[in-house]
Protein chains: 2
Amino acid sequence: MLGRASTTRTRPAARWWWWRDGPARGAVCRPGRAPGSRRGKGFHFHYWALFDGHAGGGAAVLASKRLHLHLCEQLRDLVDILQDPSPPPICLQRDARAGLAGPNRAPLAGDDGEVPGDALPRFHLEKAVSHESLVIGAIENAFKRMDEQMERERAAQRVSGGCCALAAVYLLGKFYVANAGDSRAIIIRNGEIIPMSREFTPETERQRLQFLGFLRPELLGKEFTHLEFPRRIQPKELGKKMLYRDQNMNGWAYKKIEEDDLKFPLIYGEGKKARVMATIGVTRGLGDHDLKVFSSNIHIKPFLSCFPEVRVYDLTQYEHCPDDVLVLGTDGLWDVTTDEEVAGVVMEVLTSYEPNDPCRYTMVAQELVVRSRGVLKERGWRLANDKLGSGDDISVFVIPLGGPGNYT
Amino acid sequence: MLGRASTTRTRPAARWWWWRDGPARGAVCRPGRAPGSRRGKGFHFHYWALFDGHAGGGAAVLASKRLHLHLCEQLRDLVDILQDPSPPPICLQRDARAGLAGPNRAPLAGDDGEVPGDALPRFHLEKAVSHESLVIGAIENAFKRMDEQMERERAAQRVSGGCCALAAVYLLGKFYVANAGDSRAIIIRNGEIIPMSREFTPETERQRLQFLGFLRPELLGKEFTHLEFPRRIQPKELGKKMLYRDQNMNGWAYKKIEEDDLKFPLIYGEGKKARVMATIGVTRGLGDHDLKVFSSNIHIKPFLSCFPEVRVYDLTQYEHCPDDVLVLGTDGLWDVTTDEEVAGVVMEVLTSYEPNDPCRYTMVAQELVVRSRGVLKERGWRLANDKLGSGDDISVFVIPLGGPGNYT
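Residues numbered from 1 in each chain as written. Chains lettered and ligands numbered in written order. Predicted model: local features only at pLDDT ≥ 70, side-chain atom pairs only at ≥ 80, totals over all residues. Heavy atoms only, no water.

1. Describing the relation of the copies chain B and chain A
Basically, it comes down to this: C-alpha atoms of residues with pLDDT of at least 70 in both copies form the basis for the least-squares superposition of the copies. Here, two residues are considered to be in contact whenever any of their heavy atoms come within 4.5 Å of each other.
When chain B is brought onto chain A, the operation consists of a screw motion whose angular component is 180 degrees and whose axial shift is 0.0 Å, with 0.0 Å RMSD remaining. Here the copies are linked by what is in effect a two-fold axis. No C-alpha of chain B lies nearer the rotation axis than that of Leu215 of chain B, which sits 3.8 Å from it. When the interface residues of chain B are mapped onto chain A, 98% of them again fall at the interface, so both copies present the same face.

2. Concerning helix H1 (residues 58-76) of chain A
All names here are of chain A. To keep it simple, the criterion reads: The helix and strand labels rest on DSSP assignments: H or I over at least four residues marks a helix, E over at least two residues marks a strand, and numbering proceeds from the N terminus. Helices are assigned an expected span. That span is 1.5 Å times one less than the residue count. Note on bend: at a given residue it equals the angle between the axes fitted to the 7 residues ending there and to the 7 starting there. Exposure classes here rest on a 1.4 Å probe applied to the protein chains alone. A residue is buried below 20% of its type maximum, exposed above 50%, and partly exposed in between.
With 19 residues, H1 ought to run about 27 Å at 1.5 Å a step, and its terminal C-alpha atoms sit 27 Å apart, in line with that. The largest bend in H1 amounts to roughly 40 degrees and is located at Ser64. Most of H1 is tucked away, with 15 of its 19 residues classed as buried.

3. Points about the sheet that holds strand S12 (residues 253-256) of chain B
Neighbouring strands of a sheet are bound in pairs by backbone hydrogen bonds; such pairs are parallel or else antiparallel. The cut-off we apply is this: At least two bridges found by DSSP between two strands are what make those strands a pair.
As summarised here, the arrangement of the three strands in space is S5(A)-S11(B)-S12(B), forming an open sheet in which the pairing is antiparallel. Looking at the sheet topology across the chains shown, the edges are occupied by strand S5 (91-92) of chain A together with S12 of chain B. As paired elements, S5 of chain A and strand S11 (residues 241-244) of chain B share two bridges and run antiparallel to each other. Residue pairing in the sheet places Cys91 of chain A in a bridge with Met242 of chain B of S11 of chain B.

4. Remarks on the pairing of strand S7 (residues 174-180) of chain B
All names here are of chain B. Most of S7 sits out of view: six of its seven residues are buried. One ladder, built from seven bridges, connects strand S6 (residues 162-171) with S7; its direction is antiparallel. If you follow Leu171 over to S7, its bridge partner there is Lys174. Hairpin connection from S6 to S7: two residues lie between these consecutive antiparallel strands, with Leu172 at a positive phi of about 50 degrees. The pairing of S7 with strand S17 (residues 309-314) spans six bridges and is classified as antiparallel.

5. Thoughts on the packing of aromatic side chains
All names here are of chain A. What counts is decided by this rule: The rule is short: rings of Phe, Tyr and Trp, with Trp giving its six-membered ring, pair when the centres are within 6.5 Å, and they are stacked under 30 degrees, edge-to-face over 60, tilted in between.
Applying the stated criterion to the full structure yields 11 aromatic pairs over all chains. Aromatic side chains Phe224 and Phe264 sit 6.0 Å apart centroid to centroid with 85 degrees between the ring planes, which places their arrangement in the edge-to-face category. Separated by 40 residues along the polypeptide, Phe224 in strand S10 (residues 224-225) and Phe264 in strand S13 (residues 264-265) bring together distant segments of the chain. The class of Phe224 is buried, set by a relative accessible area of 6%. For the ring pair Tyr313 and Tyr318, a centre distance of 5.8 Å and an interplane angle of 10 degrees mean the geometry is stacked.

6. Re the packing of helix H7 (residues 339-351) of chain B against helix H8 (residues 360-373) of chain B
Residues and elements named next belong to chain B. As a reminder of what qualifies: Interaxial angle, 0 to 180 degrees, is taken between N-to-C directions of lines fitted to C-alpha atoms, where a helix line uses only the stretch in contact. An angle counts as roughly parallel when it lies under 35 degrees, as roughly antiparallel when it exceeds 145, as roughly perpendicular when it falls between 65 and 115, and as oblique in every other case. Note: crossing handedness is left-handed where the near helix turns anticlockwise from the far helix by less than a right angle, and right-handed where it turns clockwise. Under the scheme applied here, ten amino acids are nonpolar (Ala, Val, Leu, Ile, Met, Phe, Trp, Tyr, Cys and Pro), four are charged (Asp, Glu, Lys and Arg), and all others, including Gly, are polar.
Axis separation between H7 and H8 bottoms out at 9 Å; the angle between their running directions is 135 degrees. It follows that H7 is oblique to H8 by the angle criterion. At the point where H7 passes H8, the crossing takes the right-handed sense. Residue-level contacts link Val342, Val345, Val346, Glu348, Val349 and Leu350 of H7 to Arg360, Tyr361, Met363, Val364, Glu367, Leu368 and Arg371 of H8. Of the residues contributing to the contact of H7 with H8, the split by class is nine nonpolar, no polar and four charged.

7. Considering unusual backbone geometry
A positive phi angle, close to 65 degrees, is found at Asp288 of chain A, a residue other than glycine. Following the sequence through the fold, Asp288 of chain A ends up in the loop between strand S16 (286-287) and strand S17 (309-314). Located in the positive-phi region is Ala55 of chain B, a residue other than glycine, with phi close to 55 degrees. The residue Ala55 of chain B is located in the loop between strand S4 (43-54) and helix H1 (58-76) in this model. Residue class for Ala55 of chain B comes out partly exposed when judged on its relative accessible area of 37%.

8. Looking at the interface of chain B and chain A
Spelled out, the test is: Here the quantity called buried area is the total loss of accessible area, with a 1.4 Å probe, experienced by two parts when brought into contact, counted for both. By definition, a salt bridge exists where a carboxyl oxygen of Asp or Glu is found within 4 Å of a side-chain nitrogen of Lys or Arg. Identification of polar contacts relies on pairs of N or O atoms within 3.5 Å, with a donor-acceptor requirement for protein atoms, meaning one able to donate a hydrogen and the other able to accept it, and with residues adjacent in sequence counted only if both atoms are side-chain atoms.
Listed by partner, the interface residues are 63 residues for chain B and 62 residues for chain A. Both faces combined, the contact of chain B with chain A buries some 5600 Å², and carbon together with sulfur accounts for 59% of it. Applying the counting criterion to the chain B and chain A interface returns eight salt bridges. With a closest N to O distance of 3.7 Å, Glu203 of chain B and Lys127 of chain A form a salt bridge. At the junction of chain B and chain A, the tally comes to 17 residue pairs in polar contact (both at pLDDT 80 or more). Those elements that place two or more of their residues in the side of chain B that touches chain A are strand S5 (91-92), helix H3 (94-98), helix H4 (131-153), helix H5 (206-215), S11 and S12 of chain B. Ranked by residue count, the leading element in the side of chain B that touches chain A is H4 of chain B, at seven residues. Its residues assigned to classes, the side of chain B that touches chain A comprises 31 nonpolar, 11 polar and 21 charged.

The following block contains the structure:
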């Protein structure tokens with residue numbers, strides 16, 4: 001049970017939204033094992049995701065159909081390891097590894113009666129790796145495989161453009177929230193707001209992008225400079241001193257303007273108008289393999305990352321009440337509605353329904369979408385405070401964390 | 001008035017400490033202007049810094065003599081701009097700029113009666129730059145110039161090795177705490193701990209270093225791999241699956257071991273034992289221009305950054321009492337004493353002295369050093385809880401933020 005709502009009433013050009021049709025319940029089972037037997041026991045995970053497309057909907061549609069399958073694929077190799085309370089083995093035995101190559105895979109390490117892992121003594125300076133970090137690695141690699149599949153099949157599947165991806169995975173008592181792009185997730189627990197993601201934009205990733213442009217200037221063509229300036233420089237300003245930031249700086253300083261500084265800055269603009277190479281406003285996500293700077297042969301994909309940042313929330317560490325929720329939303333929601341306003345709507349709507357009413361979470365999601373869209377007046381879509389409503393697509397999941405309305 | 005203390009009783013080999021001999025009071029005045037005149041008025045800043053050397057003391061000594069002069073140099077150009085409440089000009093007039101070139105510099109922009117800044121109209125997408133970010137930029141560039149000077153003069157000045165640098169600058173009502181290395185600063189305000197820095201080590205900077213190694217494999221020689229493994233791989237493990245992390249990952253995953261993976265990992269070890277290229281345990285600081293991997297021609301400097309992270313604390317935003325302090329300490333302090341323990345010692349010692357006793361801050365610093373060193377027993381230096389005391393050098397500044405013991 002969970003709540004979701006969205007609207008596409010005013011879908012802007014080249015902007016697309018998508019969601020998984022309800023929570024996917026991914027079963028990770030090793031084939032050839034009877035359910036319930038200790039070694040053969042798989043596990044289930046729950047999965048929700050928002051894919052906010054741009055420059056066409058193909059990438060978002062493909063990701064919504066496949067990302068959870070890539071995740072299954074990554075987790076399949078970890079079935080025994082994640083259920084074994086001892087630390088994950090640093091190195092797997094050769095026999096086990098050999099069995100993992102094909103689709104008709106043989107049993108994992110340990111299936112031959114051995115304890116999975118290496119029989120070698122612990123090494124000097126050996127690093128401990130947690131189960132949790134294996135799940136994070138699995139999610140990261142699932143995103144990577146998804147992006148690689150998109151690259152391979154983009155012609156056949158008619159995938160144009162790209163998409164931001166925000167996925168929540170519930171597995172063995174923990175929520176893993178993976179974000180690549182400008183969607184956002186927060187947990188609201190007992191009225192307190194706990195951020196579960198951060199946005200990846202030209203501004204938040206400025207230094208990573210500038211560092212790449214600095215190290216690989218050939219990626220900038222002859223059109224762009226990796227330096228940041230507060231505005232375009234005019235040729236007549238050559239020789240004057242202007243504020244700049246390079247990849248190592250957080251502050252600003254003055255530099256004498258040289259010929260090379262007249263190029264367009266790699267990162268330019270502020271807030272929602274910030275762009276990489278004057279083209280794209282998000283710096284992580286899936287797809288965009290063909291994206292080029294307008295009227296040029298300069299590819300933008302090298303500057304984009306398909307890797308999400310994964311944050312973990314241990315559901316077993318707290319007692320949750322039926323009003324505690326995880327909210328996932330596309331930027332269409334967050335552009336006009338603050339975290340605090342979302343928390344307010346959550347409380348307001350949930351208290352107006354019985355705690356065991358199955359509709360209450362859906363009603364929250366719907367209310368969040370409706371309020372963020374606003375009402376059509378003569379001067380466009382307006383919010384209750386008369387500010388401009390969101391013209392972007394708005395998709396929201398409201399996932400209960402405890403109580404009768406639990407997602408389990 | 002401030003407190004400082006240090007001990008070198010057990011200075012380990014190739015490790016060095018240094019501090020500025022009391023707070024430097026840097027006067028930034030434009031020449032040729034009478035003090036007190038509006039346009040000619042300079043300003044003062046207060047400055048404290050810890051330089052924790054390694055592989056010899058030369059870098060720490062040189063930095064202690066020069067870093068504040070570089071800071072003066074950087075701030076000199078900003079005298080008028082920082083005292084003008086209007087936003088800093090994006091572009092300076094050519095006449096003004098020309099006047100800043102030599103040591104006998106002419107007056108700054110605005111000295112001819114013009115308001116400093118460009119007379120051009122504000123541009124579309126022009127970014128606002130704060131006064132604060134100009135000071136941050138000045139500090140960042142002061143560190144850079146210091147490092148460049150060290151590179152130029154290292155032979156003449158007999159500078160070997162390098163040093164971590166932690167500097168606190170008080171300027172126009174704000175504290176700027178700049179850290180490059182593994183020293184640390186905290187503010188203790190009304191018993192609350194406010195971190196004012198973070199440490200830069202192979203672990204905290206893993207992804208930056210791996211990204212560089214990935215993009216510029218030639219910097220790794222043929223000895224190192226940019227991938228991280230939890231331990232060294234043995235040749236006989238070739239073909240097995242082992243845990244790894246690349247530059248995009250925070251989690252861990254298994255990969256099949258290939259020939260290239262047998263190289264030594266760029267980042268290796270955990271906690272205080274983590275090293276870049278098996279050599280150095282800090283990733284930011286000054287110097288180290290000649291540092292190479294043992295018995296090789298592989299330079300380590302390209303992986304090190306001389307840029308500090310600067311955090312700002314606005315002293316005017318809070319009412320401070322005489323017990324509120326800024327504590328700067330080298331890693332010798334923090335390795336054995338937690339933030340909370342430091343806060344406890346601060347409270348304990350300060351309450352045992354009158355609020356206007358000029359010794360009270362010095363006594364805190366001394367107590368912190370003594371407690372972190374411990375007492376010599378038959379099994380080495382031991383803390384009160386019988387844990388091992390710090391064998392490293394320990395230097396501490398305790399700077400009052402308000403009340404009768406104020407630093408002004």
